[in-house]
Amino acid sequence: MSHVVSAEPIVEEEDRSEYAGVVRFYELAKHQEWQVRDVPWGNLPPVPEGKGSPERQARRRDVWRSVVMQQLQADVIACEMAAQLLNAAPDPEARLYYSTMVQDESRHTEAWLKLIGRVGGEGERDPHLDKLGHMFLEADSLEEKVFLMQVFFERLIIPRFRLIARSSRGTILEDICNRLAVDDGIHHGAGMAYERVLLEDADGKVKSSLIGAANRMLPEFAKHALWRPKAREFVGSLMETRDRARLVQELEHGRRLAASLGLDVSEVRLPAL
Ligand SMILES: [Fe+2]
Ligand SMILES: [Fe+2]
């Protein structure tokens, strides 16, 4: 079939302005990029050093080791999740952005692996984090994956980094937590920007599936946040009242995030705490 082709090819400039937010987070991610060698490995203790008897010190170290283990476990799952997002996203701007997120999660994992090597090696896994990981990885649609991982999880995790950093001043652990709080702020922001674009064309069925996904995820997130491995059981009861109060605020924030994406959150059930 032949067409009459004009000598001047008509280049249709597609309007990509709705992706400007995603592009902005790509540029931010490149600007903020750091390297594992930037962490002052030789100059600071890995985690806070305990005082008192050798038994007491060993017990303290086990507590910190379990904190590091939980973060390592989360970032290994995040590697798989970021790779899924890179593979699933059809839009060039989002693919470019996700290529940086894959690198970030991989770098986070590298830093945690090095740190855990200095505090006794890998330990007990948090079973709730594994369940959350399955929820992200098996979510049906791209909208749902972005929603669960970037809109919720990566936002809800930031106050936890700040909290760990506050209780581990002058250590490698503090340094890494501060870096990750910034990175996950970018991951969350990029997810919000992309989810807005995705939801513009989404039908009611997709939107209500997101509310269902939130209702499955939030109780598991609550269990993850309150979970204590054997090493931390003795601090667990001490912290629990404060932890629960904090968690209620975080979950409420999650609901507001969903509302800000234009979702009908009247059906969101926050877990009873
Ligand atoms: Fe991460
Ligand atoms: Fe992240």
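(A) Up close: the overall build of the protein. Tallying secondary structure elements over the protein gives 9 helices and 0 strands in all. Tracing the protein from N to C terminus, the helices and strands come up as α-α-α-α-α-α-α-α-α. Over its C-alpha atoms, taken along the principal directions, the protein stretches across nearly 90 × 45 × 25 Å. Counting the 273 residues in the protein, one finds 49% classified as buried. Across the protein, the fraction of contacts at a sequence separation of at least 24, relative to all contacts at a separation of at least 6, is 83%. Carbon together with sulfur atoms contributes 52% to the accessible area of the protein, which is approximately 13,900 Å² in total. Here the protein carries 37 positive and 44 negative side-chain charges, and the mean point of each set is 10 Å from the other.

(B) Representation of the environment of histidine 188. In this structure, histidine 188 sits in helix H7 (residues 172–200). Residues histidine 188 and glutamate 80 lie 108 residues apart in sequence; the distance between their C-alpha atoms is 17 Å.

(C) Main features of the nonpolar core. Trp112, Phe147 and Tyr194 are the most contacted members of the largest nonpolar core, which totals 82 residues. In terms of residue count, the dominant contributor to this core is H7 (14 residues). If sequence neighbours within four positions are ignored, tryptophan 112 has contacts with Val68, Gln71, Leu72, Asp75, Phe161, Leu173, Ile176, Cys177 and Leu180.

(D) Structural context of the coordination of the iron ion (ligand 1). Taken together, Asp75 (OD), Glu105 (OE) and His108 (ND1) make up the full set of protein donors to the iron ion (ligand 1), lying 2.0 to 2.2 Å away. Counting along the primary sequence, the residues that act as donors to the iron ion (ligand 1) give the motif D-x29-E-x2-H. Between the iron ion (ligand 1) and the iron ion (ligand 2) the interatomic distance amounts to 3.4 Å, and glutamate 105 serves as a bridging ligand to the pair. Here the residue glutamate 105 and the residue histidine 108 both occupy positions in helix H3 (residues 92–117), the gap between them amounting to 3 residues, near one helical turn. Overall, the relative accessible area of 0% leaves histidine 108 in the buried class.

(E) Quick look at the pattern of salt bridges. Applying the stated rule across the entire model yields 13 salt bridges. The salt bridge partner of glutamate 93 is arginine 16, with a shortest N-O separation of 2.8 Å. You can see glutamate 93 sitting in helix H3 and its partner arginine 16 sitting in the segment before helix H1 (20–32), a full 77 residues away along the chain. One network of salt bridges, in which partners are shared, links Lys30, Glu33, Asp104 and Arg107.

Cut-offs applied
Residues numbered from 1 in each chain as written. Chains lettered and ligands numbered in written order. Predicted model: local features only at pLDDT ≥ 70, side-chain atom pairs only at ≥ 80, totals over all residues. Heavy atoms only, no water. Helix = DSSP H or I, 4+ residues; strand = E, 2+ residues; numbered from the N terminus. Buried < 20%, exposed > 50% of the residue type's maximum accessible area, 1.4 Å probe, protein only. Contact = heavy atoms within 4.5 Å. Areas by Shrake-Rupley, 256 points an atom, 1.4 Å probe, with all protein chains shown as cover. Lys, Arg positive; Asp, Glu negative; His and termini not counted. Charge placed at Lys NZ, Arg CZ, Asp CG, Glu CD. Core = buried A, V, L, I, M, F, W, Y, C linked by side-chain atoms within 4.5 Å. Donors = N, O, S within 2.8 Å, 3.2 Å for Na, K, Ca; no water. Salt bridge = Lys/Arg side-chain N within 4 Å of Asp/Glu carboxyl O.

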